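Remarks on the overall topology
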Amino acid sequence: MVKAHNLGFPRIGPDRELKFAQEEYWKGKSSLDALKSVGADLRKQNSQAQACLDYVPVGDFSFYDQMLDMSFTLGNLPERVRDFNDDKLDNFFRVARGRSAPTAAGEVAAGEMTKWFDTNYHYIVPEFQANTTFSLDSSRLIEQIREAKAQGVNVKPVVIGPVTYLALGKAKDDSHKLTLLSKLLPVYQQLLAAIAAEGAEWVQIDEAILVTELAAEWKVAFETAYQTLAKSPVKLLLTTYFGQLQDNLALVAKLPVAGVHLDTVNARNEVETLIKNLPGDRIVSLGVINGRNIWKADLNGTLDWLEPIAKQLGDRLWIAPSCSLLHVPVDLDSERKLNGEIKNWLAFAKQKLEEIRVLKAALVSGRSAVKVELDANAAAIASRRNSPRVNNPTVKDALAKLNAQLGNRKNGYAQRAKTQADILKLPKYPTTTIGSFPQTAEIRRARNQFKAGKIDDAAYRTAMQNEIARCVKEQESLGLDVFVHGEAERNDMVEYFGEQLDGFTFSEFGWVQSYGSRCVKPPILFGDISRPKAMTVEWTAYAQSLTNKPMKGMLTGPVTILNWSFVRDDQPRSTSCKQIALAIREEVLDLEKAGVRIIQIDEAALREGLPLRRSQWQEYLDWSVLSFRIAANGVADKTQIHTHMCYSEFNDIIEAIAQMDADAITIETSRSDMELLEVFENFKYPNEIGPGVYDIHSPNIPTEEHIIKLMRKAGERIPAERLWVNPDCGLKTRQWEEVIPALTNMVSAAKKLRAAGV
Ligand code: GLN
Ligand code: ZN
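Residues numbered from 1 in each chain as written. Chains lettered and ligands numbered in written order. Predicted model: local features only at pLDDT ≥ 70, side-chain atom pairs only at ≥ 80, totals over all residues. Heavy atoms only, no water.

Quick word on the nonpolar core
One recurring pattern in soluble globular proteins is that nonpolar side chains are buried together. Here is the rule: Joining through side-chain atoms within 4.5 Å is the link that ties buried Ala, Val, Leu, Ile, Met, Phe, Trp, Tyr and Cys residues into a set, and such a set is a nonpolar core. We call a residue buried when its accessible area falls under 20% of the maximum for its residue type, exposed when it is over 50%, and partly exposed in between, using a 1.4 Å probe and counting protein chains only. By definition, any uninterrupted DSSP run of H or I lasting at least four residues is a helix, any uninterrupted run of E lasting at least two residues is a strand, and each is numbered from the N terminus. Throughout, a residue-residue contact means that at least one pair of heavy atoms, one from each residue, lies within 4.5 Å.
Judged by nonpolar contacts, the single largest core of 119 residues is most densely connected at Trp116, Tyr165, Tyr226, Leu286, Leu317 and Ile319. Of all the elements, helix α7 (residues 181-197) adds the most residues to this core, at 9 residues. Once you skip the residues sitting within four places of it in the chain, Tyr226 turns out to touch Gly161, Pro162, Val163, Ile205, Glu207, Leu236, Leu238, Leu255, Pro256 and Val257.

Here's what the structure looks like:
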């Protein structure tokens, strides 16, 4: 009989209970015991929510991050925290965030954090050295296994596999990570034995790097690792997710494990080959429900292809979501304000488990056994497909007519630059900022009062205008060359636009963990995108009316809006992106019409949308760059287009960035001492660049000398005529007390550079 299971459940709780408990503890307002008991409660709730499954994941809960948990389980603690003898959880937080509760001793450097595959979840990167050793600490996992068994569920402990663990870590010296494999495997063997001793039949072993391109030595590492682990007294379910196996499929099929999980949302085309290649005694686990988006699955459609497979495989088939449900919100039932029609199209984690239950019932007892559920699902799927809310013929029409020509400026950069210089009359080394100024307590108060209906539209507008006026005044006295309005009216750079575009909606509780206690609530892009009216013109025009200096219009680009939202699964991402691009284009043209001379379109998330496999990068870059060009390049020569990206690992995508053809780009570079500009030695970036000279993630104030030094370094690679002077990113997380001296130094540094004539 087919079995149902799950790969992982969100740990934050339906009301972000974990976040609040973590933060209370970190602030010293609650005890470690209080935090631990919130964790235990959440795990209990999660066990209950999953009780309908044949196997329930255990060990997927974490007080910060599952990779860091794995590092602790394997005894791979950075040296700098080894001498602390307090509670293990305090030490765990020390690695996660550089410190624990205020009462616990010792500040250390936090572990590096980076994105988990192509999701918006961030993990703490394991640190390795040639002399790294491992030793087992299975206490966390064992405790959670016992706890879940006491809840009466059938446990399936979850661990990150040894090869993925090594692959996602970072060697801190110049050793090669793979040399550690032979030291690591015995600890995994002990771990699996300890789990088996608790009576678990299966262990889920996550090896998601199998969906990426693997060098030959890493493939060999897989064989070595699983030959060794095959001797363990427990069955291994090797889980892969987020993509296709492609040329790793043959490798996976021959690894000596008891079962393999495949993400059929991404790799439906590989199901048959995998089954054909796997020995006949292996379990085939198919991830049939999308664990990464919030749409209801088409259950009848799924059954259409799944039923024959179930017949063929019998007992050997398991079904599950495609990946851990960590990447979706907890419970749709919490939503009270979502439009009823749209709500009926959605499924969060709990609802996805219900879908798994229904699918299993249909496979085991026939569709008639769950007719009511299947009919309701079919009605929801049809309602979404045919809804006028989703389909806007005008938008579809505009998209059909779209041609790449729309993305072309009238003239090349060199000619535009002359026209713009005549109008803008900027000095050499022009100074500017990236958009936001500090989001003060007053701004947040006004926004909350407005949202709660305590102040009216006019009062809110006045409060925001006052903030804008303050920003303008500060910029006048600082002597900046190109101004911004400060973005006081924006809660978030994507949500602000999503709220004003048709085709987006917002949940109240649709939180997803981004890292540690940080959760995000991505907008839901459900329909064709259009712009009912101008979104930013009034604020920008007001700001411009207060000064003679050029005021930048400030927009979020189509690729960033797309990458930071839950998007449609009924059309390609590229189609949704181009629709957003057309809406932003209208805004750009309205800003131009209103007399705005410089327009900045932020693409903070362009890089993170890169597919997991390099072979797919170009296709992504083609449509994402085109989308930006469509949004930006409808303007006349005289209008200057800027873009901003808060990173500078450009080496591999610099040509695509140049193709965006923005007149100027501002990037993050200050932390690396401009080393990141090395890419410009080989690639002659043709337009203007503002390499950040003020690290806005730090409370430190950069000195004038430091800024001059950084700009001189930049000048070695980019001609001075094409350099801007600006911070790394927006200033919204900083205080005015920090921003004023930092920008004062920035402006005086620019003046000295001009005077020096370099
Ligand atoms: N314009 C935005 C700001 O200044 C850009 C933010 C970002 O790049 N993340 O806040
Ligand atoms: Zn930025």
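On we go.
Quick notes on the site of ligand 1
Keep this limit in mind: Proximity criterion: a residue is near a molecule or strand once any of its heavy atoms comes within 4 Å of it. N or O atoms closer than or at 3.5 Å make up a polar contact, with two conditions inside protein: a donor-capable atom paired with an acceptor-capable one, and, for residues adjacent in sequence, both atoms drawn from side chains. Only the protein chains shown count as cover for residues, with accessible areas throughout obtained via the Shrake-Rupley method and a probe of 1.4 Å. In this count, Pro and Cys sit with the nonpolar residues alongside Ala, Val, Leu, Ile, Met, Phe, Trp and Tyr, while Asp, Glu, Lys and Arg are called charged and the others, Gly among them, polar.
Every residue near ligand 1 is listed here: Ile434, Gly435, Ser436, Glu487, Met493, Asp602, Ala604, His644, Cys646, Cys729 and Gly730. Glu487 places a polar side-chain atom, nitrogen or oxygen, 2.8 Å from a nitrogen atom of ligand 1. His644 places a polar side-chain atom, nitrogen or oxygen, 3.1 Å from an oxygen atom of ligand 1. For ligand 1, the accessible surface in isolation is 300 Å², of which the surrounding protein chains cover 92%. By residue class, the composition of the shell around ligand 1 is 5 nonpolar, 4 polar and 2 charged.

Focus on helix α3 (residues 66-73)
A large share of α3 lies buried, amounting to 8 of its 8 residues. Of the residues making up α3, those classed as buried are Gln66, Met67, Leu68, Asp69, Met70, Ser71, Phe72 and Thr73. Of the residues trailing α3, Gly75 is marked for its positive phi of about 70°.

Some remarks on empty space enclosed by the protein
The test is simple: Using a 1 Å grid laid over the protein atoms alone, points where a 1.4 Å probe fits but cannot get out form a cavity; open sets with protein on both sides within 12 Å along at least 5 of 7 lines form a pocket; any residue with an atom within 4 Å of a point counts as lining. Grid points are joined across faces, edges and corners, and a volume is the space filled by probe spheres set on the points.
If you walk through the whole model with that rule in mind, you get 3 cavities of 30 Å³ or more. Of the pockets and cavities examined, the largest cavity occupies roughly 230 Å³. Along the wall of the largest cavity there are 20 residues; nearest its centre are Arg11, Asp60, Gln66, Val158 and Asp206. Elements represented by at least two residues in the lining of the largest cavity include exactly α3, β6 (155-160) and β8 (202-206). Take the lining of the largest cavity: its biggest share by element is 3 residues, from β6. Classifying every residue of the lining of the largest cavity gives 9 nonpolar, 6 polar and 5 charged. Approximately 150 Å³ is the volume found for the second largest cavity.

Overview of the sheet that holds strand β18 (residues 598-602)
Operational definition: Note: two strands are recorded as paired if DSSP finds a minimum of 2 bridges between them. Every angle, taken between N-to-C directions, lies between 0 and 180 degrees, and every axis is a line fitted to C-alpha atoms, over only the stretch in contact when it is a helix.
One open sheet accounts for 5 strands, arranged β17-β18-β19-β20-β21; its pairing is parallel. Sheet topology places β17 (552-556) and β21 (688-691) at the edges, where each strand pairs with a single neighbour. Ignoring which end each strand starts from, the neighbouring axes of this sheet average 20° apart. Across 4 bridges, the pairing between strand β20 (residues 664-667) and β21 is parallel. Residue pairing across strands places Thr666 opposite Gly690, the latter belonging to β21.

Side note on the pairing of strand β14 (residues 512-515)
The two faces of a sheet get side chains in turn, since along a regular strand they alternate between them. In terms of strand pairing, β14 meets strand β15 (residues 518-520) through 3 bridges, oriented antiparallel. Across the sheet, Gln513 pairs through a bridge with Cys519, a residue of β15. From the end of β14 to the start of β15, which pair antiparallel, there are 2 residues, and Gly516 there has a positive phi angle of about 50°.

Let's talk about the packing of aromatic side chains
As a reminder of what qualifies: Aromatic pairing here means that ring centres of Phe, Tyr or Trp (its six-membered ring) are within 6.5 Å. Orientation follows from the plane angle: under 30 degrees is stacked, over 60 is edge-to-face, and everything else is tilted. Geometrically, a lysine NZ or arginine CZ counts as sitting over a ring once it is within 6 Å of the ring centre and also within 35 degrees of the ring normal.
Under the counting rule described, the total for this entry stands at 20 aromatic pairs. Relative to Trp318, the ring of Tyr55 lies with its centre 4.6 Å away and its plane at 20°, an arrangement referred to as stacked. Of this pair, Tyr55 sits in the loop between α2 (32-49) and β2 (56-58) while Trp318 sits in strand β12 (residues 317-321); the two residues are 263 residues apart in sequence, bridging distant segments of the chain. Their ring planes at 80° and their centres at 5.1 Å tell us that Tyr620 and Trp623 sit as a pair that is edge-to-face. A residue pair is termed a helical-turn pair when its members lie 3 or 4 positions apart in one helix, as Tyr620 and Trp623 do in helix α24 (residues 617-632) at 3 residues. Its relative accessible area of 12% is what places Trp623 among the buried residues. Three or more aromatic residues joined by ring pairs make a cluster, and in this case those are Tyr25, Trp26, Tyr64, Phe72, Phe92 and Phe93. Taking NZ or CZ as reference, Arg16 lies 3.7 Å from the ring centre of Trp511, over its face.

Points about helix α12 (residues 299-313)
As a reminder, the rule being used: Helix span is expected to be 1.5 Å times the residue number reduced by one. Bend angle per residue: angle between axes fitted to the 7 residues ending at that residue and the 7 residues starting there.
For α12, with 15 residues, the first-to-last C-alpha span of 20 Å sits near the 21 Å given by 1.5 Å per residue. At Leu306, α12 shows its strongest bend, of approximately 40°, with the proline Pro308 following within four residues. Where α12 is buried, its residues touch α10 (264-267), α11 (271-277), β11 (283-289), β12, α14 (349-365) and α15 (371-386). By the N-cap criterion, in which a side-chain oxygen at the helix start approaches the backbone nitrogen of a residue two or three places on, α12 is capped by Asp298, the distance to Asn300 being 3.4 Å.

A short note on the coordination of the zinc ion (ligand 2)
Filter applied, for reference: Each metal site lists N, O and S donors within 2.8 Å (3.2 Å for Na, K and Ca). With water left out of the atoms, a site can look as if it is missing ligands. Angular criteria define each label, namely tetrahedral for four donors with all angles between 85 and 135 degrees, square planar for four and octahedral for six donors with opposite donors over 155 degrees apart and remaining angles between 65 and 115, and irregular for whatever fails these tests.
Protein ligation of the zinc ion (ligand 2) involves His644 (NE2), Cys646 (SG) and Cys729 (SG), the donor distances falling in the range 2.0 to 2.3 Å. Coordination at the zinc ion (ligand 2) is irregular: its 4 donor atoms span angles of 84 to 121° at the metal. For the zinc ion (ligand 2), the single-chain donor residues occur in sequence as H-x1-C-x82-C. Taken together, the residues span a long stretch of sequence, with Cys646 in the loop between β19 (640-645) and α25 (654-659) and Cys729 in the loop between α27 (704-715) and α28 (736-756) at a distance of 83 residues. We classify Cys646 as partly exposed; its relative accessible area is 24%. Note on Cys729: relative accessible area 16%, which makes it buried.

Section: the side chain of Asn91
Counting through the fold element by element, Asn91 comes out in helix α4 (residues 88-97). Since its relative accessible area comes to 6%, Asn91 is described here as buried. Among the polar contacts listed, one links the side chain of Asn91 to the backbone oxygen of Val81, at a separation of 3.0 Å. Beyond its immediate stretch of four places on either side in the chain, Asn91 contacts Phe72, Leu77, Val81, Phe84 and Asp86.

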